[in-house]
Amino acid sequence: MNLSHEREDYLIKILKENFPNDIKDATAIRRSRINVTVAPEKIVDVALFLRDKLAFDHPTGVSAVDYNRESRFEIVYHLSSATNPDQRDILINLKESVPRNSPKATSLVKIWPGVENFERESIEMFGLQFEGHPRPEKLFLNDNWDGPPPMRKEVRFPTD
Amino acid sequence: MSAQKPVQSDDPIELLADSLNVWVGKLSDIVHKVIDTEPIRNVINWARMYSLWPVNITTACCSAEFGAASGARHDLERFGVLPYGSLRQSDLIVIEGTITKKMAKRLRMIYDQMAIPRYVIAMGDCAISGGLFHDSYSIVNGAHEFLPVDVYVPGCPPRPEALEHGIIMLQEKIRSSKVYPQS
Amino acid sequence: MTTTDKPTQENTLGSPSPDEPGAQTLTLSVGPQHSGSGHMRLIVELDGDIILNAQPDPGYVHRGIEKIIELRNIIRSIPVIERPSIIDASNLNHAWVRAIEELQGVEPPARGQYLRCLLNEMNRIMSHLYWLSIYGVFLGHTTMFMWPLGDRELFIDLAESLTGARITYSYLVPGGVRRDLPQGFAEEAIKRTEYFEKRLDEYENIFFKNPLFTSRAKGVGVLSRQKAIELGTTGPTLRGSGVDADLRKDEPYAAYGELDFKVHTRPDGDSYSRVMVHVDEMRESSQLIRQILKKLPSGPVRRKAPIVVPRGEAYGRVESARGECSFYMIGEGGDKPYRARYITGSYRNMAAISAVLEGVRLADMPTSWWSIDYWPVEADR
């Protein structure tokens, strides 16, 4: 088992070379885990580059995180590769931040069809909006759910 | 009866039907009483006890233990429990675990469509009181909030033996019950 | 099963006009009370008995686990994160402790790692057997319902003697496992796995070669390699489409790096391939159990780990029975995670349901979608 960070550094170098202004931050947080933070308006370009040039062909999930103290939502696309056996263990966390008062982001369904359900869940659980999402409906919650988006930090439990 | 009606019908057939209704009503009361006497009631209850067919509805993860209980080692069919697809021929709902708000609506709908007599077993802590998920935003804390429950089977999840015990308890309950529930 | 007309059309049954688009299709709502649906609803659009479009409607078991684990400490959360798939509890538990250990920097002792793998593989067999028995029910093959459930009890007994619980173990804790092997476990396990492999040959004769099964599974519900990858499917579904992705090989965690096993794939991507991938995996896991018991090192099973989630983020993932199960955990230094995103194999495979069911006959619907090994409780969380 190779413990060096060569592959991670190489990927980060390529990303920084191609998007010198758009990538705010790219670091290897530990072996085979890379965090890449981009500006929301540039995420489509970076995503296309990751898919077509670096063979990150599928999402393993999409997370939304509510940083209510910083008044922002972070949307994290977890990307992995199945076609390239050498980088199957590498996971890229492609991050973008949207402001809490107008949580609008661009949907990446056209790039990775697999993100559809994850983005739908973020819509109902956090009240995010994804432009260009084909089915922005409820996924898990009741159809007549009238409460606030339950995963937001200000929603507390009665026993809390 | 007919005299109290605001409009007295002159149609002889209707009059006949009205009086027949009264008679049929009285007759059925007598039949009910006769059937509820000890020997006939025992036969009917015996038949009900050993043909408890649960509906094919699974609410959450206790279904894994329900599956294990229906399977080879525990074999619920020896108690006459055979999961069945059609609501109208089923007599039992085994609520297998957590009831979400989305499922509760459907569960009540299913219960209402079933023919009387119908029984409910609440299986697992979640179906009794919410269990591990008692403080969640999307669940109903216990089946008793929208259904009359006959037997509670505690456990998270209950072992198949516990479910068997619950079914035997339900059978005992049916054995001592009346054929026609007081409504 | 209830039938409803499409709201846009008015006279489907009366006088259908073939020119109108959608005039001859019928929309069915299958489930949640249906023997072929489980805890979910499928909205199926039919042309004759060919499925044009099938949309899953999940959420009947959505319990808000991601919210609950934000509010309990990491040890109290273990039973909660097991519940989505209690037939595969150990693997889900492993993803959770892996994320925590990644943040804490705690490495469990070697014996603990091997015992984790042991329970994981037993759980994989149990989960696949449970799935196979339901597959038998969906085909109306009662023997195939009874046999796998009966043989599953072999491993349940083993797991019970190891952990004290039938299916929900909470056996893996940060820093190792809760307890060591009981006396006489190894002999009993070897006996039972050998018996189980013989039983798999019997299954082969009664079921996997049975035309009742092959005619309804071969060439039905095809998911191409390309589609499987871009939809983000995982686990046996992905391997049934010819991709040899398996986290146990690709990112060797716990003791898997030192164990010898194969990743089984089938190239065709139909229901039959997916079923056979499960069967091959059961054989492989059975072999792995014996191998683990042979190679099991001595020493402690657990190392002290604090009940704390250090500041930072981690992505702990394992190969569960239904594919990759992962936790994206963000810590703040308290005893609870700030956010723990829970992504399970079934949740990812949900995207494949409509792709698999398209063009399949209604009669083949239960067997096709169940071949994905979609466990609705695990997907809804």
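Residues numbered from 1 in each chain as written. Chains lettered and ligands numbered in written order. Predicted model: local features only at pLDDT ≥ 70, side-chain atom pairs only at ≥ 80, totals over all residues. Heavy atoms only, no water.

**Digging into the overall build of chain B**
Of the regular secondary structure elements, chain B holds six helices and five strands. Tracing chain B from N to C terminus, the helices and strands come up as α-α-α-β-β-α-β-α-β-β-α. Here the C-alpha radius of gyration of chain B, 21 Å, is well above what a compact globule of 183 residues would show, namely 16 Å. Taking the principal axes of the C-alpha coordinates as reference, chain B spans close to 65 × 40 × 25 Å. The buried share among the 183 residues of chain B stands at 46%. Contacts in chain B between residues far apart in sequence, at least 24 positions, make up 77% of those at least 6 positions apart. Here chain B has roughly 9,200 Å² of accessible surface; of this, 61% comes from carbon and sulfur atoms. Within chain B, the 20 negative side-chain charges are centred at a point lying 2 Å from the centre of the 18 positive side-chain charges. (Helix = DSSP H or I, 4+ residues; strand = E, 2+ residues; numbered from the N terminus. Rg over C-alpha atoms; globule rule 2.2 N^0.38 Å. Buried < 20%, exposed > 50% of the residue type's maximum accessible area, 1.4 Å probe, protein only. Contact = heavy atoms within 4.5 Å. Areas by Shrake-Rupley, 256 points an atom, 1.4 Å probe, with all protein chains shown as cover. Lys, Arg positive; Asp, Glu negative; His and termini not counted. Charge placed at Lys NZ, Arg CZ, Asp CG, Glu CD.)

**Things to note about the interface of chain A and chain C**
Each partner contributes to the interface: chain A provides 49 residues, whereas chain C provides 42 residues. Between chain A and chain C the total buried area reaches about 3,800 Å² when both faces are included, carbon and sulfur atoms providing 52% of it. It is R88, F140 and M151 of chain A in chain A that bury the most area against chain C; as a group they hold 18% of the surface buried on that side. At the boundary of chain A with chain C, the tally comes to nine salt bridges. (Buried area = accessible area lost by both parts, 1.4 Å probe. Salt bridge = Lys/Arg side-chain N within 4 Å of Asp/Glu carboxyl O.)

**Section: the domain arrangement of chain B**
The domain boundaries assigned to chain B delineate domain 1 (11–47) and domain 2 (52–175). With centres defined by C-alpha atoms, the gap from domain 1 of chain B to domain 2 of chain B works out at 33 Å. (Domains from an automatic or database assignment.)

**Here's the deal with the sheet that holds strand 9 (residues 339–343) of chain C**
Strand pairing in a sheet is mediated by backbone hydrogen bonds. Such pairs are either parallel or antiparallel. All names here are of chain C. A sheet is described by the order of its strands in space; here three strands give the open sequence 7-8-9, paired in antiparallel fashion. The open sheet is flanked by strand 7 (312–320) and strand 9, the only strands paired with a single partner. Direction aside, the axes of adjacent strands within the sheet are offset by 10° on average. The sheet contact formed by strand 8 (residues 323–331) and strand 9 spans five bridges and is antiparallel. (Pairing = 2+ DSSP bridges. Axes fitted to C-alpha atoms, helices over the stretch in contact; angles between N-to-C directions.)

**Some points on the side chain of D91 of chain B**
Residue and element names in this part refer to chain B. Here D91 lies in the loop between helix 3 (63–70) and strand 1 (92–96). R48 is the oppositely charged side chain nearest to the buried, salt-bridge-free D91, at an N-O distance of 7.0 Å. Looking at D91, its side chain comes within polar contact range of the main-chain nitrogen of W53, at 3.0 Å. Sequence-distant contacts of D91, defined by excluding residues within four places in its chain, comprise S51, L52, W53, M114, P117, R118 and Y119. (Polar contact = N/O pair within 3.5 Å; in protein donor to acceptor, adjacent residues only side chain to side chain.)

**Quick look at the sheet that holds strand 2 (residues 33–38) of chain A**
Residues and elements named next belong to chain A. Taken in spatial order, the five strands line up as 1-2-5-4-3 in an open sheet, and their pairing is mixed. Only two strands of the sheet have a single partner each, and these edge strands are strand 1 (23–30) and strand 3 (58–67). This sheet shows a mean twist of 20° between the axes of neighbouring strands, independent of strand direction. Relative to strand 5 (residues 91–99), strand 2 runs parallel, the two sharing five bridges.

**Focus on the pairing of strand 1 of chain A**
For a regular strand, side-chain orientation follows a simple rule: the groups alternate between the two sheet faces. All names here are of chain A. The sheet contact formed by strand 1 and strand 2 spans six bridges and is antiparallel. Each bridged residue has a counterpart across the sheet, and for D25 the counterpart in strand 2 is T37. Here strand 1 folds back onto strand 2 in antiparallel fashion, the turn holding two residues, of which S32 has a positive phi close to 60°.

**Comments concerning the interface of chain C and chain B**
Contact residues are listed per partner, giving 37 residues for chain C and 38 residues for chain B. Around 3,100 Å² of area is buried between chain C and chain B when both sides are counted, 57% of it from carbon and sulfur atoms. On the chain C side of the contact with chain B, Q33, Y60 and R63 of chain C bury the most area, a combined 22% of that side's loss. Counting across the interface, chain C meets chain B through six salt bridges. The partner of E160 of chain C in a salt bridge is R159 of chain B, with the nearest N and O atoms 2.9 Å apart. Inspection of the chain C/chain B interface yields 16 residue pairs in polar contact (both at pLDDT 80 or more). A total of eight residues in the side of chain C that touches chain B trace back to one element, the largest contributor, which is helix 5 (residues 142–163) of chain C.

**Structural notes on unusual backbone geometry**
In this structure, the amide linkage connecting I116 of chain B to the following residue, P117 of chain B, adopts the cis form with an omega of 0°. By the element assignment, P117 of chain B lies in the loop between helix 4 (101–113) and strand 3 (119–123). Residue P157 of chain B follows C156 of chain B across a cis peptide bond; omega there is -10°. With respect to the secondary-structure elements, P157 of chain B resides in the loop between strand 5 (151–153) and helix 6 (160–175). Phi at S71 of chain A is positive, roughly 55°, even though this residue is not glycine. Position of S71 of chain A relative to the elements: it lies in the loop between strand 3 and strand 4 (72–80). Residue S71 of chain A is classed as partly exposed on the basis of its relative accessible area of 41%. Of note in this structure, A254 of chain C is not a glycine but carries a positive phi near 45°. Among the secondary structure elements, A254 of chain C is positioned in the loop between helix 10 (247–250) and helix 11 (271–295). Overall, the relative accessible area of 26% leaves A254 of chain C in the partly exposed class.

**Here we look at the state of the cysteines**
Throughout the structure, instances matching the rule amount to zero disulfides over all chains. Unpaired in this structure, C61 of chain B has its nearest cysteine sulfur neighbour in C62 of chain B, at a distance of 5.4 Å. You can see C117 of chain C has no disulfide; the closest cysteine sulfur is in C325 of chain C, sitting 15 Å from it. C117 of chain C sits in the buried class, given a relative accessible area of 0%. (Disulfide = S-S within 2.5 Å.)

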